[in-house]
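Summary of the model geometry
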Amino acid sequence: MIYDEQTLRKKLRDMMAHHENEVVEFKEAKSNYSFNEIGQYFSALSNEANLRGKREGWLIFGITNTPAITGTNYRSDGRSL
């Protein structure tokens with residue numbers, strides 16, 4: 001699903017207000033994050049979303065578990081793998 005910026009900001013605020021759950025995972029990921037771990041999270045989040053009848057699962061970088069916005073430099077150079 002594609003969201004406009006305003007809708008995405010509201011959705012993010014809502015997710016932060018309810019903290020992590022089976023389909024929302026926050027990662028600080030200040031500068032780097034394991035590509036293999038990302039794949040595992042994608043798999044787990046999409047499976048949980050499917051089991052719960054949700055359309056989406058979210059892996060969000062730049063937010064701590066508390067949750068607090070810290071920002072991230074993960075792949076800030078724009079490179080793919």
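Here's a quick rundown of the structure. All figures in this text were calculated on a predicted structure; none of them were measured in a lab. (Residues numbered from 1 in each chain as written. Predicted model: local features only at pLDDT ≥ 70, side-chain atom pairs only at ≥ 80, totals over all residues. Heavy atoms only, no water.)

**Some remarks on helix α2 (residues 35-51)**
- Compared with the 24 Å implied by 1.5 Å per residue over 17 residues, the 24 Å span of α2 between its first and last C-alpha is a close match.
- As for α2, its buried residues are in contact with β1 (24-27) and β2 (58-61).
- Capping of α2 at its N-terminal end is provided by Ser34; its side-chain oxygen lies 3.3 Å from the backbone amide nitrogen of Asn36. (Helix = DSSP H or I, 4+ residues; strand = E, 2+ residues; numbered from the N terminus. Expected span 1.5 Å × (residues − 1). Contact = heavy atoms within 4.5 Å. Polar contact = N/O pair within 3.5 Å; in protein donor to acceptor, adjacent residues only side chain to side chain.)

**Side note on the pattern of salt bridges**
- Counted under the stated rule, the structure contains seven salt bridges.
- As a salt-bridge pair, Glu25 and Lys27 come within 3.2 Å of each other at their nearest N and O atoms. With respect to class, Glu25 is no different from Lys27; both count as buried.
- Of the charged contacts, one joins Lys30 and Glu28 as a salt bridge, the two residues approaching to 3.6 Å between their closest N and O atoms.
- Here Lys30 falls in the exposed class, since its relative accessible area comes to 55%.
- Salt bridges linked by common partners bring Glu22, Glu48 and Arg52 together as one network. (Salt bridge = Lys/Arg side-chain N within 4 Å of Asp/Glu carboxyl O. Buried < 20%, exposed > 50% of the residue type's maximum accessible area, 1.4 Å probe, protein only.)

**Overview of the pairing of β2**
- Here β1 pairs with β2 via four bridges, running parallel. In the strand pairing of β2, Lys27 is matched with Phe61.
- Once the chain exits β1 it traverses α2 before rejoining the sheet at β2, and the crossover so formed is right-handed. (Pairing = 2+ DSSP bridges. Right-handed = clockwise from strand over helix to strand, strands pointing away.)

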